[in-house]
Amino acid sequence: MDEEKMNGGPPMEIIDDVVSVHDHEAFAAKHLPDLGHDVKDFQVYTWRLTNWKKLEKKITSPEFDCGGHKWRILLFPFGNSNAPPNDTVSVYLDYAEPKKSPEGWHACAQFALVISNIHDPTIYTVSHAHHRFIAEECDWGFTRFSELRKLFNIQEGYPRPTIEEESADVTVYVRVLEDPTGVLWHNFVNYDSKKETGYVGLKNQGATCYMNSLLQSLYCTRYFRKAVYQIPTEDEHPTESVSLALQRVFYHLQTSDQPVGTTELTKSFGWKSNDSFYQHDVQEFNRVLQDNLESKMKGTKAEGAIAKLFVGKMKSYIKCVNVDYESSKIEEFKDIQLNVKGMKNLYESFRYYVAEETMEGENKYQAEGFGLQDAKKGIIFESFPPVLHLQLKRFEYDIQRDAMVKINDRHEFPFEIDLAEFIDDASPVRSESWLYKLCGVLVHSGDVNGGHYFALIKPDRETRWLKFDDDRVTPVTDREVLEENYGGEPLNGHLYPMQRNQLRTMKRFTNAYMLVYVRDAMIDEVLAPFKEEDTPTHLKRRLDEERLQLEAKRREREEQHLFLTARVITDDTFTRYQGFDLATFDEKNWPQSDLPTFRVLKQETYSVFKSRVAAHFELPDNKVRLWVLVNRQNKTVRPDAPIPENEPTLTVEVIRNNMAARQSDLRLYLDVITDPSKPDPPQGHIMIFLKHFDTSKQSLFGVGKVYVSRNSKVQDLHPIINERMRWAPGTPLKLYEEIKPGMIELMKPKSTFAQSEIQDGDVICFQVEQAEKELHDLEIQGLYSNPSQFYDFLQNRVMIFFRPKFEEPDGDHPEFNLVLSKKHNYDTMSQRAGEYLRHDPIKLRFTTTHAANGAPKAVLKRSLNQSIADFMGSNYVHPTTTVILYEKLDVSIVELETKRSLKIIWTGIQNREEASYPFLLPKTSMINDLADHLAKTVTLSAGGTGKIRVFEVSKDGKVQREFTGSEMIGNIPEPVELYAEEIPREEFEASEVDKVINVFHFHKEVSRAHGVPFRFVVKPQERFVDTKKRLQARLGVSDKEFSKFRFALIQAATFKQPSYIEDEDVIYDHKFAPEDCLGLDHVDRSGKARLGAAEKAIVIRG
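Rules of the game
Counting starts from 1 at the beginning of each chain's written sequence and moves along it residue by residue. Side-chain atom pairs in this predicted model are given and counted only at pLDDT of 80 or more, local residue features only at pLDDT of at least 70, and totals for whole chains, interfaces and linings cover all residues. Water and hydrogen atoms play no part in the side-chain values, which are based on all heavy atoms of the structure. Helix and strand assignments follow DSSP, with helices taken as H or I runs no shorter than four residues and strands as E runs no shorter than two, numbered in order from the N terminus. Each radius of gyration is computed over the set of C-alpha atoms, and the globule rule expresses the reference value as 2.2 Å times the number of residues to the power 0.38. We call a residue buried when its accessible area falls under 20% of the maximum for its residue type, exposed when it is over 50%, and partly exposed in between, using a 1.4 Å probe and counting protein chains only. Residue contacts follow a heavy-atom distance rule, with two residues in contact if any of their heavy atoms lie within 4.5 Å. Note that accessible areas follow from Shrake-Rupley with a 1.4 Å probe, and for residues the cover is restricted to the protein chains shown. Pairing between two strands is assigned when DSSP locates at least 2 bridges connecting them. Axis definition: a line fitted to C-alpha atoms, over the contacting stretch in the case of helices. Angles run 0 to 180 degrees between N-to-C directions. Residue-level confidence of the predictor, termed pLDDT, takes values from 0 up to 100. When two cysteine sulfur atoms are found within 2.5 Å, that pair is recorded as a disulfide. The rule is short: rings of Phe, Tyr and Trp, with Trp giving its six-membered ring, pair when the centres are within 6.5 Å, and they are stacked under 30 degrees, edge-to-face over 60, tilted in between. Counted as over-ring charges are cases with an Arg CZ or a Lys NZ within 6 Å of the ring centre that also lie within 35 degrees of the ring normal. Working definition: roughly parallel below 35 degrees, roughly antiparallel above 145 degrees, roughly perpendicular at 65 to 115 degrees, and oblique for all remaining angles. Nonpolar cores were defined as sets of buried Ala, Val, Leu, Ile, Met, Phe, Trp, Tyr and Cys residues, with membership established by side-chain atoms within 4.5 Å. Taking the helix axis as origin, the arc is that swept by the directions to the C-beta atoms. Here a polar contact is recorded for every N or O atom pair within 3.5 Å, except that within protein the pair must consist of a potential hydrogen donor and a potential acceptor, and residues adjacent in sequence are included only if both atoms are side-chain atoms. For any pair of crossing helices, the crossing counts as left-handed if the nearer helix is rotated counterclockwise from the farther one by less than a right angle, and right-handed if it is rotated clockwise. For this classification, Asp, Glu, Lys and Arg are treated as charged, while Ala, Val, Leu, Ile, Met, Phe, Trp, Tyr, Cys and Pro are nonpolar and the rest, including Gly, are polar. Basic side-chain nitrogens of Lys or Arg form a salt bridge, by our definition, when they fall within 4 Å of a carboxyl oxygen of Asp or Glu.

## Quick notes on the overall build of the chain
Within the chain one finds 27 helices and 52 strands. In terms of overall dimensions, the chain is more spread out than a globule: its C-alpha atoms have a radius of gyration of 40 Å, far above the 32 Å expected for 1102 residues. Considering only C-alpha atoms, the chain reaches an extent of 120 × 110 × 65 Å along its principal axes. Taken across its 1102 residues, the chain has 50% of its residues classed as buried. Restricting the contact set of the chain to residue pairs at least 6 apart, pairs at least 24 apart contribute 68%. A total of about 53,200 Å² of accessible surface is found on the chain, and carbon and sulfur atoms cover 50% of it.

Structural data, given as structure tokens:
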């Protein structure tokens, strides 16, 4: 019995309006809340029980039918064995014949279980639940339905107990519900998107669900997919080419039966891994992606496809009321931004978009040749594209809060919409059908700071609506497409209290923010079935090859348990090795030794394996002897015994299990036999490994092995070593035994090896004996004078990786690593890093990182002078690399502790970002002091005011927020972007009647601000044609460039489209509210786009 079975909340003991268990309609209305799903069948079944105390521990009722399924009641009269014995009743609804039902069966049922008095059916205990019954969960109900004593005793306010005369009725009310999507209440364990829907999902990389929802929508727009496939990419690399990476994502979506990854694609955008954790604006992402693909399609078969699919035309006009004069301009659009706020539905948003504005009174229009005239101003569509992307403005800038907010108001949209009424009467295509069918709804759930995105898509006329939610694709109902994404309060009144609260919190924030409509007349072309030949052959070939490689890797992983890894130490690897033992295997702070490695079948016989090893090293079999290394008690890893040659059936696994227990892989030493006629190690001899500690090179390397007789003396090694090292005979030596890390002991020359307890595989380290003075000189230089000290360094050595904190690594800011001791302190580390970087160590600042993701953790304080062990932190479980970020500063870090470092961007007199200047000033300085310092650094204009304004920019990028000058720089909250400009004479000398207004730069849409906003003087009676000349002078822009600018009044109060200004207008006459501005609409050449709440601009490079 499943303990997760609902422990049935407290059973509802009913006192209020009395209903009888026999009054089925009233009882169901009271105890089975409407869940908002259609009911397929409703049945009530009652089972009478007598002699309660003599009942078996577990009993089932006769079966009954409901909704085409057989059911029964499962009762434990004294509690299910998991509950405390004999004091509760457990009761469940049980699916009667799970074994006989077709494979993959399920039934969605809502039910109430009731135990009632046989004489008075208004006395009862009831609990209700709903569940998706499947083979793995074919009973559901209440383990603690009620305490037995409560059923047997009269409860307060009732005339009799529930179980009377040891008898009671057990009744079940069952509603089997329709499950049109097949996934109602599904737990999605083992759910197969491909099998259920024919589509697969995309994996989320952190916060890329906004991208996934758009990619799925574009993928399902098959004409678009075909066009993307037509971009030639044979010779490109997926992480550098957006088109190839997108083709690959599309191809995987087409052929894979698992969710598809997008890391390659985001890499091709030039994004770093942390870019995947920023939620960007989908519309912005869509534009940038389409611009990138459009440029790739130029000159190929796909040229023009994006414009053909997504581009429509609109006309903005001003038309005089009393004279025959109209000024108009036709422009292309790829999507339309519609208001949600104050709009009931999509039609209202469209009508508001094209609503005419009357220009009269103070706001008359200056018509060429007719003077000031009353006029109507508006926008009308010339044509809509085959695929219409409608952006619903769910995110808006709130002036009061200086922040973006999400609009969760209810806003309805239909499955089909006729847009004919919004087409210009004069348009040549006016008479065509402009009926559009809804094919995609992109949904955002959450608030302005984040949340989740998913897409609802109808891939073609025949396929049902599907929900693409990252890696899962599920069928959905019409209600889930429309009603559940309108936003606002849920409309259905039939929710019981607990559910109503849940739904409210969930519902309020989940709503559509982008709609995709396809023109009905073109659906068959836009969503035409995909044919085999539509996929480029080079793509198939390339991806099939990769799939085979992955398959082979997967097989290798699955067969891993049949293999083990053998790693072989040779005399050659030993001479290049510096460390404890003969090689490093599981060292926490040091990488494994790079040794020759063999993947061996566990069942392979030793003789076959040995031949493979011999062949690898180009040796005859009879010259190879392999020793097994074991983990000794003292934590060292040493050769212990040679593998016996006389047992031909010995397998590699048996060797490992018998000779090297406690190791997952096999570690071996290759002993090359000089004389094959003597295959066994000499009798009574020990195999010893030698290492040389060289004081001048400060190094400790292996120099091979020797066989020595047990009874010979330690000093007998001296001539052997001198000969091997080609030193003069009689060179005095000191010998140390490497017992284990921390135990390196000087050996007694006169003792025998047996007395010194030397055994096979032991390591002896030697150095040339030196005079006291020489040793003293070494120590003065901070060098090691004997092996014990050097081994201590080896024991504590760590490799620290250094990376630049803010820059991409380059020649000036390299990535590098240093080998240091854990006992070294901050100063030693900064000294060594400074030497490497050729930068004064006192001007280096270091920051530790989080082991998990490499993100900056904390700046290291020099004053604490911690040891490296302190800031490495303990990581007992997994050995990790320690990464430290560095900054090359222009000032000493000592100064930084009392000062504040600020960067200020100087825009001069002509509002361009000329340079950014760093300043380091005492935290108590004022903004005015900062301006004085800046004045000495920048060049002010000749004959200018000499005055500097320091300001921040509002979050939406439209307005300057000026400092008064008396703010203390230590108090300005981080992070801050400071700007400064020279105040122009015109503004400084503006008269009482002049107005000073805010001006900002944007491109096409007010939300796409760029550059830096500035202030500008407007004068009474000045026509805009003259205002423009002053603007051009203020910005210092060439005639050619300036001719491409357009100018608009942006009113904060109305969320209207910007109203573009004509040459004859006098903008002085506009009543400027504090937040109203003049917008300059032109292409962003600054690369400093500002998006909403301090978002990063999206850049796609590949």
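There is more to say, and it comes next.
## Details of the sheet that holds strand β33 (residues 699-709)
Read across the open sheet, the 5 strands follow the order β33-β32-β36-β34-β35; overall the sheet is mixed. Either end of the sheet is taken by a strand with one partner, and the two such strands are β33 and β35 (743-746). Adjacent strand axes in the sheet meet at a mean angle of 30° when their direction is disregarded. Pairing analysis gives 9 bridges linking strand β32 (residues 685-694) to β33, with the strands arranged antiparallel. Looking at the pairing, I688 lines up with V706 of β33. In this fold helix α18 (residues 717-725) packs onto β32, β33, β34 (733-740) and β36 (762-768), with an angle of close to 130° to the strand it touches most, β33. Contacts from helix α20 (residues 787-796) reach β32, β33, β34, β35 and β36, with the element oriented near 120° to β33.

## Regarding the confidence of the model for the chain
Confidence in the prediction of the chain, expressed as mean pLDDT, is 85, and 91% of residues score 70 or more. Between the elements of the chain, mean pLDDT differs from a low of 44, seen in helix α12 (residues 497-508), to a high of 95, seen in strand β21 (residues 416-418). pLDDT under 50 marks residues 1091-1096. Its contacts with residues more than four places away, or in other chains, come to 16 contacts.

## A look at the state of the cysteines
Within the structure shown, the criterion is met by 0 disulfides. We note that C138 lacks a disulfide partner, and the nearest cysteine sulfur, in C108, lies 15 Å from it.

## Quick word on the packing of aromatic side chains
All told, the structure shown has 49 aromatic pairs when counted by the stated rule. Centroid distance F333 to F381: 5.6 Å. Interplanar angle 75°. Geometry classified as edge-to-face. Of this pair, F333 sits in strand β12 (residues 326-333) while F381 is found in strand β17 (residues 375-383), placing the two residues 48 residues apart along the sequence. Plain terms: the ring middles of F1042 and F1045 are 5.1 Å apart, the flat faces sit at 35° to each other, and that makes the pair tilted. By way of ring pairs, the aromatic residues F333, F350, Y353, F381, F384, F422, W434 and Y436 are connected into one cluster. Looking at R599, its charged tip hangs above the ring of F563, at a distance of 3.8 Å from the centre. Over the aromatic face of Y1068 sits the side chain of K995, whose NZ or CZ is 4.6 Å from the ring centroid.

## Side note on the sheet that holds strand β42 (residues 899-908)
The strand order β43-β42-β46-β44-β45 describes an open sheet built from 5 strands, whose pairing is mixed. Of all strands in the sheet, those bounded by a partner on one side alone are β43 (915-922) and β45 (960-962). Across this sheet, the average inter-strand angle for adjacent strands is 40°, counted without regard to direction. Strand direction decides the pairing type here: β42 and strand β46 (residues 978-982), joined by 4 bridges, are parallel. Residue pairing for β46: W906 is matched across the bridge by A980. In the packing of helix α24 (residues 927-937) onto the sheet, contacts are made with β42, β43, β44 (948-953) and β46, and the angle to β43 comes to roughly 130°.

## Notes on the packing of helix α6 (residues 242-255) against helix α8 (residues 282-297)
For the pair α6 and α8, interaxial distance at closest approach is 10 Å and the crossing angle is 110°. Taken as axis vectors, α6 and α8 run roughly perpendicular relative to one another. Taken together, the residues of α8 that come into contact with α6 (itself represented by V242, S243 and L246) are L289, N292, L293 and K296.

## Some remarks on helix α5 (residues 222-229)
With respect to burial, α5 is a largely interior element, 7 of its 8 residues being buried. R222, F224, R225, K226, A227, V228 and Y229 are the residues of α5 that are buried.

## Considerations on the nonpolar core
Membership of the largest hydrophobic core comes to 55 residues, with the highest contact counts inside it found for F224, F250, L293 and M297. The element that contributes the greatest number of residues to this core is α6, accounting for 8 residues. Residues contacting L293, with those up to four places away along its chain left out, are F224, V228, I231, S243, L246 and I306. In terms of nonpolar packing, the next biggest core, distinct from the first, is built from 37 residues, V340, I379, V443 and L482 among them.

## Here's the deal with unusual backbone geometry
Despite not being glycine, D581 has its phi angle at roughly 55°, a positive value. In this fold, D581 is placed in the loop between α15 (571-575) and β28 (597-601). Judged by relative accessible area, which is 9%, D581 ranks as buried. Residue E757 is not a glycine yet carries a positive backbone phi of 55°. Along the chain, E757 falls in the loop between β35 and β36.

## Side note on the pairing of strand β13 (residues 335-339)
In terms of burial, β13 is a largely internal element, 5 of the 5 residues being buried. Burial of the side chains of β13 extends over both faces: D335, Q337 and N339 are buried on one face and I336 and L338 on the other.

## Some points on the pairing of strand β11 (residues 312-320)
Examined bridge by bridge, β11 and β12 share 8 bridges and lie antiparallel to one another. Along β12, the bridge assignment pairs Y317 with S328. As consecutive antiparallel partners, β11 and β12 are separated by 5 residues. Across 8 bridges, the pairing between β11 and β17 is antiparallel. Bridge assignment links C320 to a residue of β17, and that residue is A375.

## Looking at helix α10 (residues 346-354)
Three or four residues apart is the spacing at which side chains of an α-helix point the same way, because the helix has 3.6 residues per turn. All buried positions along α10 are accounted for by L346, S349, F350, Y353 and V354. The buried residues of α10 all sit within an arc of 125° when viewed along its axis, so they share a single face. Regarding α10, its N-cap is N345, as a side-chain oxygen of that residue lies 3.2 Å from the backbone nitrogen of Y347 further along.

## Things to note about the packing of α5 against α6
Helix-helix packing is characterised by the crossing angle of the two axes and by the distance between the axes. Close contact between α5 and α6 brings their axes to 9 Å; oriented N to C, the two are set at 130°. In terms of their interaxial angle, α5 and α6 are classed as oblique. Where α5 crosses over α6, the handedness of that crossing is left-handed. Of the residues in α6, those in contact with F224, R225, V228 and Y229 of α5 are S243, L246, Q247, F250, Y251 and Q254. Within the contact of α5 with α6, the residues separate by chemical class into 6 nonpolar, 3 polar and 1 charged.

## Quick notes on the environment of F871
Among the structural elements, F871 can be located in helix α22 (residues 868-872). The spacing of F871 and M359 is 512 residues in sequence and 69 Å in space, taken between C-alpha atoms. Leaving out residues up to four positions away in the same chain, F871 has contacts with M829, T848, L860, Q866 and I884.

## Describing the pattern of salt bridges
Inspection of the entire model under this criterion finds 65 salt bridges. Note that K773 and D777 form a salt bridge whose closest N and O atoms lie 3.0 Å from each other. One end of the pair, K773, and the other, D777, are both in helix α19 (residues 772-780), 4 residues apart, so they sit about a helical turn from each other. A residue is classified by how much of its surface remains accessible, and K773, at 59% relative accessible area, is exposed. Overall, D777 belongs to the partly exposed group, its relative accessible area being 31%. Linking K823 and D792 is a salt bridge whose minimum nitrogen-to-oxygen distance equals 3.0 Å.

## Regarding the environment of F78
Along the chain, F78 turns up in the loop between β5 (69-76) and β6 (88-95). The exposure class of F78 is buried, given its relative accessible area of 19%. Residues F78 and L148, 70 residues apart in the sequence, show an inter-C-alpha distance of 7.5 Å.

## Quick notes on the side chain of T570
Locating T570 in the fold gives a position in the loop between β27 (563-569) and α15. Excluding residues within four positions of it along the chain, T570 makes contact with F617, Y669 and L670.

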